[in-house]
Amino acid sequence: MFSKIRKFFGPKKLSEGNKIVVNCEKLETRVALLESGSLEEYTVERANDENIVGSIFKGIVRNIEPGLNAMFVDIGLEKNAFLHFWDAIPEALDSGLEEIQRGGGKGQGKQQQGGGGKGQNRGRGRGKGKGKGKGRIQSKDIPNLYPVGSEVLVQVTKGPIGTKGPRITTNISLPGRYMVLMPRNDQLGISRKIEDPKERARLRKIMGEKLTVPDKMGVILRTVSAGQKVRYFVRDLAILLDEWEEVEEKASSCKAPACVFREPDLIERTVRDFLTDEIDEVLCDDAEAAERMKDLIGVISRRSKKRIQYFQTPVPIFEKLGIQRQIDNAFYRQVWLPSGGYLVIDETEAMIAVDVNTGRAKTQDKMILQTNIEAAEEVSRQLRLRNIGGLIVVDFIDMRSRRDQMAVYKVVRERLRNDKAKTQVLQISQLGLMEMTRQRLHESLSLTVNEPCHYCQGRGMVKSAESMSVELQRKLNAIFARNENTQRELIVIVHPDVMERLRTHDGELFVELERRHNARLTFRSDASYYREQVVVADAKTQKEIRD
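Criteria and thresholds
- Residues numbered from 1 in each chain as written.
- Predicted model: local features only at pLDDT ≥ 70, side-chain atom pairs only at ≥ 80, totals over all residues.
- Heavy atoms only, no water.
- Helix = DSSP H or I, 4+ residues; strand = E, 2+ residues; numbered from the N terminus.
- Contact = heavy atoms within 4.5 Å.
- Pairing = 2+ DSSP bridges.
- Axes fitted to C-alpha atoms, helices over the stretch in contact; angles between N-to-C directions.
- Disulfide = S-S within 2.5 Å.
- Buried < 20%, exposed > 50% of the residue type's maximum accessible area, 1.4 Å probe, protein only.
- Expected span 1.5 Å × (residues − 1).
- Polar contact = N/O pair within 3.5 Å; in protein donor to acceptor, adjacent residues only side chain to side chain.
- Right-handed = clockwise from strand over helix to strand, strands pointing away.

Novice: Any chance you could break down the side chain of Arg269 for me, citing the residues and the numbers?
Specialist: Structurally, Arg269 can be placed in helix H5 (residues 266-273). Setting aside its immediate chain neighbours within four residues, Arg269 contacts Glu45, Asn51, Glu263, Pro264 and Phe274.

Written out as structure tokens, the structure is:
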């Protein structure tokens, strides 16, 4: 009896339920999402970083590229933002949303094609439909609507990645706790992730009868809105309308290019997007941040404030709760599976390649299926954890049975339902490959935290000592060939590994090289050099001889 009471009122173990852990430091803030003790999502925001995804800018059209069906807009950043004509057309709801007619009627969600940002499934042929589509803006109208030098209000849908500038859209949306306000789109919608027919009917009735959405504005109810009371929606809508009013006032009074709405910081985004009813507890190691989170959530739901706890500990909170070890594992190229198999994850500029291997696992059909199912679960987790986006190809272990292939496919689909980024998954092909795409709004976790190796330039490999010996011989022959009539005394400085190779295997080759060119070579090793670093200098002048 007393043990049950202690279990109910006492703190929950890390392995129980879903938790958000927040670590606040001077240079960065970190947020980890744990599901039954397993790290599922990890976000880092540094003091000097500027997250512009979701921010709204008043920009100036600098040039139009008809061949690309796009224009470049100056929004005050180092690189002009990219605005595709499709992203400048009022968009239709994507296939993940059910359209609701004003007055409570039910419409059909529209499957669109195209890409980018919130309109991930944006359509190419809008304006060509019947009825409501007549007279709508088409892509050919965009250059006339936004000529060079004109001002335009845009929202960033994808931040700068690598050498590419940000991507923007004129289809502005303001996300709230339970809904998303679309101030320039008059459509109403409900997330299809809410599957209960009775709940969908209730939300449709609320949308049509209880919410007063201004004309020419639209609202989308998010997945978290399921089961919530009407007053929460009314309050959320009022907050978003006030927010949009402030955006309009700032846009009308400032001079372009300028930012008129800044996407909230990581703490506020965590409260808005992750602190749902599915989260049992929030632990934060900073008292001020914990109070701020309570104030933010208290505006919407007072009872949710009880779930936010200030976790005071002399040991760093991520170390105390065993999260840091899981974070470190996220950067390994090889990820082990419970059955003894493993994944190999390689990020390239064009795509992400994931290879599934049996490893220590046996090769019977049942074991292959088990390994592939474990791999399917782990791949879905790693995509979220590493924030990997773009085109992803998974090479599963070959399965003969189509039933087994479908079982693996269903596991991937089911696990990706919790992913807030938009994903699209194809069934396993005849070659045993599963192709998928995942919305990429920011650089991956690896690129955010790391930078290319100074020595290998991001290749992840260095040349062998044997290769360096071959290249050194080639380099010395070239130097002597350019100075045929001059006797040369040279000093060669190499890494100790290369020096060992020269001393034990290739010494006679360099003696022969000296004899052939009537030269003298002096070899030295320097432990501060990296393996591919070689310096050849004139022994008299001590000057390096470059190619």
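Novice: Residue-level account of the sheet that holds strand S16 (residues 308-310), with values.
Specialist: The sheet built from five strands is open, its strands ordered S3-S2-S1-S15-S16 with mixed pairing. Strands at the two margins of the open sheet, each flanked by one partner only, are strand S3 (38-46) and S16. Shown here is a sheet whose adjacent strand axes are inclined to one another by a mean of 15 degrees, direction ignored. Relative to S3, strand S2 (residues 28-35) is paired through eight bridges, and the arrangement is antiparallel. Bridging from a neighbouring strand, Glu35 pairs with Ser38 of S3.

Novice: Tell me what's going on with the state of the cysteines, and back it up with residues and numbers.
Specialist: This model, assessed by the stated rule, comprises zero disulfides. Just so you know, Cys254 is unpaired, no disulfide at all, and the nearest cysteine sulfur is the one on Cys259, 9.0 Å from it. No disulfide involves Cys284; its nearest neighbouring cysteine sulfur is the one of Cys24, lying 4.2 Å away. You can call Cys284 buried: its relative accessible area is 0%.

Novice: Mind laying out helix H6 (residues 287-298), listing which residues take part and the relevant values?
Specialist: The end-to-end C-alpha distance of H6, which contains twelve residues, comes to 16 Å, matching closely the 16 Å that a straight helix rising 1.5 Å per residue would cover. Every buried residue belonging to H6 is among Ala289, Ala290, Met293, Ile297 and Gly298, and all of these are buried. By the N-cap criterion, in which a side-chain oxygen at the helix start approaches the backbone nitrogen of a residue two or three places on, H6 is capped by Asp286, the distance to Glu288 being 3.2 Å.

Novice: Which residues make up the pairing of strand S15 (residues 281-284), and what are the values?
Specialist: The alternating pattern of S15 places Glu281 and Leu283 and Val282 and Cys284 on opposite faces, both of which are buried. Both strand S1 (residues 18-24) and S15 contribute to a ladder of four bridges, which runs parallel. Paired with Val22 across the bridge in S15 is Cys284. Bridge count between S15 and S16: three bridges; the pairing is parallel. Counted as the bridge partner of Val282 is Ile308 from S16. Assessed by its sense of winding, the connection that carries the chain from S15 through H6 to S16 is right-handed.

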